[in-house]
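Here is what each chain is made of, one letter per residue.
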Amino acid sequence: MLFMGTYTPKLDDKGRLFLPAKFRDRLAEGLVVTQGQDKCLVVWPTDVFAEEAERAAARPMTNRAARRYARVLFAGGDESTPDKQGRIGIPAHLREYAGLERDVVVIGVRDRLEIWNPAAWREFQLEALEEFADLDEDDD
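The structure presented is a predicted model; accordingly, all values stated were derived computationally and were not measured. (Residues numbered from 1 in each chain as written. Predicted model: local features only at pLDDT ≥ 70, side-chain atom pairs only at ≥ 80, totals over all residues. Heavy atoms only, no water.)

1. What about helix α2 (residues 46-58)?
Along its 13 residues, α2 runs 18 Å from first to last C-alpha, staying within 8% of the 18 Å computed at 1.5 Å per residue. Taken residue by residue, α2 has V48, F49, E52, A53 and A56 as its buried positions. Down the axis of α2, the buried side of the element spans an arc of 145°, and every buried residue falls inside it. Seen from the buried face of α2, the exposed residues on the opposite side, beyond 90 degrees, are E54, A57 and A58. Contacts from the buried residues of α2 go to α1 (24-27), β3 (31-35), β4 (41-45) and α3 (64-75). (Helix = DSSP H or I, 4+ residues; strand = E, 2+ residues; numbered from the N terminus. Expected span 1.5 Å × (residues − 1). Buried < 20%, exposed > 50% of the residue type's maximum accessible area, 1.4 Å probe, protein only. Arc of directions from axis to C-beta. Contact = heavy atoms within 4.5 Å.)

Okay, here's the thing in C-alpha cells:
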C-alpha cells in the first residue's frame, strides 16, 4: 500500500490523533512514531520501521552522521498500536518537537505518513512547490 494524500485531523485533549480511515488497516498491527526531518513526525508501519532500522544499523558507527541519525531515529521513537477507534497517542516530547497543538496536517509519503504543524506544512509546501516548478526534465 502506498500512503498518499493530505488530511487535516485534530489531536484530542489527550494528544491522540485519529488516523485517516484509509490507512488504519495498514497500521493496525503496529507503528512507530519518530522525529522526522523539517520538524515533522514520521509514522512508520512497524515492518517499514524495521527496514529503516536495518539500514541505520548497516552504516558504520564510526561515521558521525550515521551515529546522529540513529540517535534521533531511536531516541525519540514511540511504538504503538491504534486503538479500536483508530487513534494513536502522540507523546508530549514528539508533539513539542513538531509544534503540534490541536490542528495537524497528515500527509502520505509513499511508505510512511508525516504529521505536520499546519503553518510549518504551508511554509514547506510553498518552498517545495516553487522548487518543483523549476525542475528541468533535462537535468539528470
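2. Examining the pairing of β4
With five of five residues buried, β4 lies mostly within the body of the structure. Side-chain alternation along β4 places L41, V43 and P45 on one buried face and V42 and W44 on a second face that is also buried. Between β3 and β4, which pair antiparallel in sequence order, lie five residues; one of them, D38, sits at a positive phi of approximately 65°. Across three bridges, β4 lies against strand β8 (residues 112-116) in antiparallel orientation. (Pairing = 2+ DSSP bridges.)

3. Notes on the side chain of E52
Following the sequence through the fold, E52 ends up in helix α2. For E52, a relative accessible area of 12% gives the class buried. In this structure the side chain of E52 is engaged in a polar contact, spanning 2.4 Å, whose partner is the side chain of Y69. (Polar contact = N/O pair within 3.5 Å; in protein donor to acceptor, adjacent residues only side chain to side chain.)

Shape descriptors only; they carry no functional weight alone.
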